[in-house]
Amino acid sequence: MNRLPLPSWHLGRAILSATAVGVALATAPALLPPSPQALGISPAAAEVQKPVLRIGAIPDQNPEKLNRLYGLVANELGQQLGVAVQYVPVTDYAAAVSAFRTGQLDLVWFGGLTGVQAKLQKPGAKMVAQRDIDAQFYSVFIANSGSGLKPINSVKGLVELKGKRFTFGSESSTSGRLMPQYFLMQAGVKLTDFAGGAPGFSGSHDTTIALVQSGAYEAGAVNEQVWKSSLRSGKVNRKKVSVIWRTAPYADYLWLAQPNLDKSFGKGFTNKLAKAIISWRSSDPEQKQILNLFGAQQFTSVNAAEYGQIEAVGRQIGKIR
């Protein structure tokens, strides 16, 4: 991957962030880089060194795909904005929110729930862009062919999942937990109604699909985009697993930026960042790769009010307090 060269103390910061960002907030001071003086850099030299834009994302799919996608994103943003950009992977959804709150990450690709959580925890944070598919996003409920579950025609039909072995994705996933649980509640299905008295939490959409396909769980809920991508790649055996219901639409993923980027990178930087992301088109070879991996045609501006439902449901099930 082609990246702009990083100053030595910023490189140290990126390495430390990549390995430690998932640890408890109590250890956050240990994530800070050594001072320029400690590294033998004079104050005058330190002043002219440019900051690094550290980007992250919730780990909703396999690490190989995430590393490829956000490596491309880092390179593209670096070229467009003329700054050094570093992708810093995190261990789980909660780590992404914590890293944004503590300032370890400057720009993060969040799901709807984690995006709302992070914005509430960091006043002034800006929703800078979403995909064209995010204003109306969908989850699908899938079932193993041996479960006896048939296609469902309405939300009330989700009552058939009572007593089944059922798994969500991550506990903080909008499309793999939050909204599926909301629709289950509309059907009168409580989490204690599943086999064993509780659902599973697979950690990612890919894993949910694999677990339901294997029969480890009889049913689960996943991001429709990931489901379609798995179908196209041949990872899904249609004889073993299929969709039984598609949800109503809701708002989901978004890019969230720190409130102080203009101070760090110069006046108007946040607007330039948003415009850069929204400018990506499939006519550009590298941008086309990015859009394809995101499963979108382009990015658009964000209407923050669209995420009001996410906040309301998050509070209803105790994920936002």
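Note that the structure is predicted; figures quoted are calculated from it, not measured. Numbering of residues begins from 1 in every chain and follows the order in which that chain's sequence is written. Note on the predicted model: pLDDT of at least 70 is required for a residue's local features to be given, and 80 or more for side-chain atom pairs to be given and counted; whole-chain, interface and lining totals, by contrast, use all residues. The side-chain numbers reported here are obtained from all heavy atoms of the structure, hydrogens and water having been left aside.

Draft legend 1. Highlighting helix α10 (residues 269–278). Burial classes follow relative accessibility: with a 1.4 Å probe on protein chains only, a residue under 20% of its type's maximum area counts as buried, one over 50% as exposed, and anything between as partly exposed. Only runs of H or I of at least four residues qualify as helices and only runs of E of at least two qualify as strands under DSSP, and these elements are numbered from the N terminus. All of the buried residues along α10 are F269, T270, L273, A274, A276 and I277. Each buried residue of α10 sits inside an arc of 160° when the element is viewed along its axis, so together they form one side. More than 90 degrees from the buried face of α10, the exposed residues found are N271, K272 and K275. The reported arc concerns the directions from the helix axis to the C-beta atoms and nothing else.

Draft legend 2. Just empty space enclosed by the protein, in detail. Residues are called lining when one of their atoms sits within 4 Å of a cavity or pocket point, these points coming from a 1 Å grid over the protein atoms alone, where a cavity is a set in which a 1.4 Å probe fits but cannot get out and a pocket is an open set with protein on both sides within 12 Å along at least five of seven lines. Grid points are joined across faces, edges and corners, and a volume is the space filled by probe spheres set on the points. Inspection of the entire model under this criterion finds 4 cavities of 30 Å³ or more. In terms of residues, the lining of the largest cavity owes the most to one element, helix α3 (residues 63–81), which gives 4 residues. Looking at the lining of the largest cavity, its residues break down into 8 nonpolar, 3 polar and 3 charged. As a working rule, the residues Ala, Val, Leu, Ile, Met, Phe, Trp, Tyr, Cys and Pro are called nonpolar, Asp, Glu, Lys and Arg charged, and the rest polar, with Gly in that last group.

Draft legend 3. Highlighting the sheet that holds strand β3 (residues 107–110). Taking strand neighbours across the sheet as the criterion, the 6 strands line up as β2-β1-β3-β10-β4-β11 in an open arrangement whose pairing is mixed. One side of each edge strand has no neighbouring strand; the edge strands of this open sheet are β2 (84–87) and β11 (299–300). Pairing between strands is defined by DSSP: at least two bridges between them are needed. In this sheet, β11 lies alongside strand β4 (residues 126–131) in antiparallel orientation, the contact comprising 2 bridges. In the strand pairing of β11, R131 is matched with F299. Contacts are assigned to residue pairs that have any heavy atoms within 4.5 Å of one another. Here the axes come from fitting lines to C-alpha atoms, over the contacting stretch only for helices, and the angles between their N-to-C directions go from 0 to 180 degrees. The sheet strands contacting α3 are β1 (52–57), β2, β3 and β10 (254–257), and the helix crosses β2 at an angle near 170°.

Draft legend 4. Inspection of the nonpolar core at higher detail. Buried residues of nine kinds, namely Ala, Val, Leu, Ile, Met, Phe, Trp, Tyr and Cys, make up a nonpolar core once their side-chain atoms join them within 4.5 Å. Counting residues in hydrophobic clusters, the biggest one holds 82 residues, and the most contacted among them are Y70, V73, L77, L161, W255 and L273. A per-element tally of this core places α3 first, with 8 residues. When sequence neighbours within four positions are dropped, the list of residues in contact with L161 reads F141, L149, F166, L184, F194, A219 and I244. Counting 9 residues, the second-largest nonpolar core is a separate cluster that includes I142, V226, V236 and V241.

Draft legend 5. Spotlight on the environment of L69. Topologically, L69 is positioned in helix α3. Residue classification places L69 among the buried positions, given a relative accessible area of 4%. For the pair formed by L69 and L293, sequence separation is 224 residues and the distance between their alpha carbons is 6.4 Å. Each residue touching L69, except ones within four places of it in the same chain, is listed here: I290, L293 and F294.

Draft legend 6. Region of interest: the packing of aromatic side chains. Aromatic rings from Phe, Tyr and Trp, with only the six-membered ring used for Trp, were paired whenever their centres fell within 6.5 Å, and each pair was classed as stacked if the ring planes differed by under 30 degrees, edge-to-face if by over 60, and tilted otherwise. Applying the stated criterion across every chain yields a total of 21 aromatic pairs. With centroids separated by 5.7 Å and ring planes inclined at 65°, the aromatic side chains of F137 and Y253 adopt a geometry described as edge-to-face. One end of the pair, F137, is in the loop between β4 and β5 (139–144); the other, Y253, is in the loop between β9 (241–246) and β10, and 116 residues separate them in sequence. Of the two residues, F137 and Y253, neither departs from the other in class, the shared state being buried. Here the aromatic residues Y70, Y87, W109, F137, Y250, Y253, W255, W280, F294 and F299 are joined through ring pairs into a cluster of three or more. By definition, being over a ring means that NZ of Lys or CZ of Arg is both within 6 Å of the ring centre and within 35 degrees of the ring normal. Stacked on the ring of F100, the Lys or Arg K122 has its end atom at 5.9 Å from the ring centre. Of note, R246 hangs over the ring of Y138, and the distance from its end group to the ring centre comes to 3.5 Å.

Draft legend 7. Region of the structure containing the sheet that holds β5. Pairing is mixed in the open sheet, where 5 strands are placed in the order β7-β6-β8-β5-β9. The open sheet has two edge strands, β7 (200–201) and β9, and neither has a second partner. In this structure, strand β6 (residues 166–168) lies alongside β7, joined through 2 bridges in parallel fashion. Residue pairing in the sheet places T167 in a bridge with G200 of β7. Here helix α8 (residues 224–233) sits on the sheet in contact with β5, β8 (219–223) and β9, set at roughly 95° to β8.

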